[in-house]
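# Examining the three-dimensional arrangement
The chain contents come next:
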Amino acid sequence: MAFFSLFAMAPSAGAATQDGVGIQSAGGCLAAHGPGDWNKHCIDVVGKGVDVQSIQGHLVSTVAPYFPRQICVVEVKVWGTELGGYPFERTAKNNGCGLGSLGVQWNMKMKFQPGSLICAQTIYEGRVPGPACIQIRP
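I will try to describe carefully the structure that is included in this document. Owing to the predicted nature of the structure, the values given are computational and were not obtained by experimental measurement. (Residues numbered from 1 in each chain as written. Predicted model: local features only at pLDDT ≥ 70, side-chain atom pairs only at ≥ 80, totals over all residues. Heavy atoms only, no water.)

### Some words on the packing of aromatic side chains
Two measures describe an aromatic ring pair: the distance that separates the ring centres and the angle between the ring planes. Under the convention used in this document: For Phe, Tyr and Trp, where Trp contributes only its six-membered ring, two rings pair if their centres lie within 6.5 Å, and the inter-plane angle classes them as stacked under 30 degrees, edge-to-face over 60, or tilted in between. Put simply, DSSP H or I for four residues or longer makes a helix, DSSP E for two residues or longer makes a strand, and each gets a number counted from the N terminus. Relative accessibility thresholds used throughout: buried, under 20% of the residue-type maximum; exposed, over 50%; partly exposed, between the two (1.4 Å probe, protein chains only).
Following the criterion strictly, the structure yields two aromatic pairs and no others. Consider the rings of W38 and Y66, whose centres lie 4.9 Å apart with planes at 15°: the pair is stacked. Pair noted here: W38 is in strand β4 (residues 38-48) and Y66 is in the loop between β5 (51-63) and β6 (67-68), with a separation of 28 residues, a long-range link. Overall, the relative accessible area of 40% leaves W38 in the partly exposed class. The exposure class of Y66 is exposed, given its relative accessible area of 63%.

### Looking at the pairing of strand β10 (residues 117-123)
Here is the rule we go by: Two strands pair if DSSP finds at least two bridges between them.
In terms of residue burial, β10 counts as a mostly covered element, since six of its seven residues are buried. Looking at chain direction, strand β7 (residues 70-82) and β10 are connected through five bridges and run antiparallel. Residue V76 lies in a different strand from β10, and its bridge partner there is T122. Alignment of β10 against strand β11 (residues 132-137), held across four bridges, turns out to be antiparallel. Across the sheet, residue A120 finds its bridge partner in β11, namely A132.

### A short note on the state of the cysteines
Spelled out, the test is: When two cysteine sulfur atoms lie within 2.5 Å, the pair is treated as a disulfide.
Applying the stated criterion to the full structure yields three disulfides. Residue pairing for C29: its cysteine sulfur links by disulfide to C42, the two sulfurs lying 2.0 Å apart. Sign of the S-S torsion, about 105° for the bond between C29 and C42, identifies this disulfide as right-handed. Of the two residues, C29 sits in strand β3 (residues 25-31) while C42 sits in strand β4, which places them 13 residues apart along the sequence. On the accessibility criterion, C42 (1% relative accessible area) is buried. In this model, C72 is linked to C97 through a disulfide, with the two sulfur atoms separated by 1.9 Å. With the S-S dihedral at roughly 110°, the linkage between C72 and C97 falls on the right-handed side. Here C72 is found in strand β7, whereas its partner C97 is found in strand β8 (residues 86-99), with 25 residues between them in sequence. The partly exposed category is assigned to C72, whose relative accessible area is 27%. A relative accessible area of 48% places C97 in the partly exposed class.

### A few points about the environment of C42
Which entries qualify depends on this criterion: What makes two residues a contact is simply this: any of their non-hydrogen atoms within 4.5 Å.
Spatially, the C-alpha atoms of C42 and A32 are 9.3 Å apart, while their sequence positions differ by 10 residues. When neighbours within four sequence positions are excluded, C42 is seen to be in contact with G28, C29, Q56, G57, H58, V60, A120 and T122.

Below, the structure is given as structure tokens:
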């Protein structure tokens, strides 16, 4: 069975991985700058194997004692390699506000290159975190 594998990549650290046989989606988060006491930017990929249905990048923020924090205005960049080696890249800005989470989702039906990464960065107040990435595994 096909599955995705998570690679949450920090700028100066190794990758944390998560594998699951036959799962239909994968996601992961990394620490990031944000408005709360605990902030992370995340990627969520829905699909199976090389078939991707949607990609979402978002910022999650909480404040002590673990309440959601309001987030306003994020820019999300996602990129990867389509089947056949073609580069894929999208950027969008969400000018709204969200309680606890704010991001951008792209709905598509695309095939991505086996072994390649789909990555996301959620930019808040001009600060660019290291990418959170999902590896495409057939």
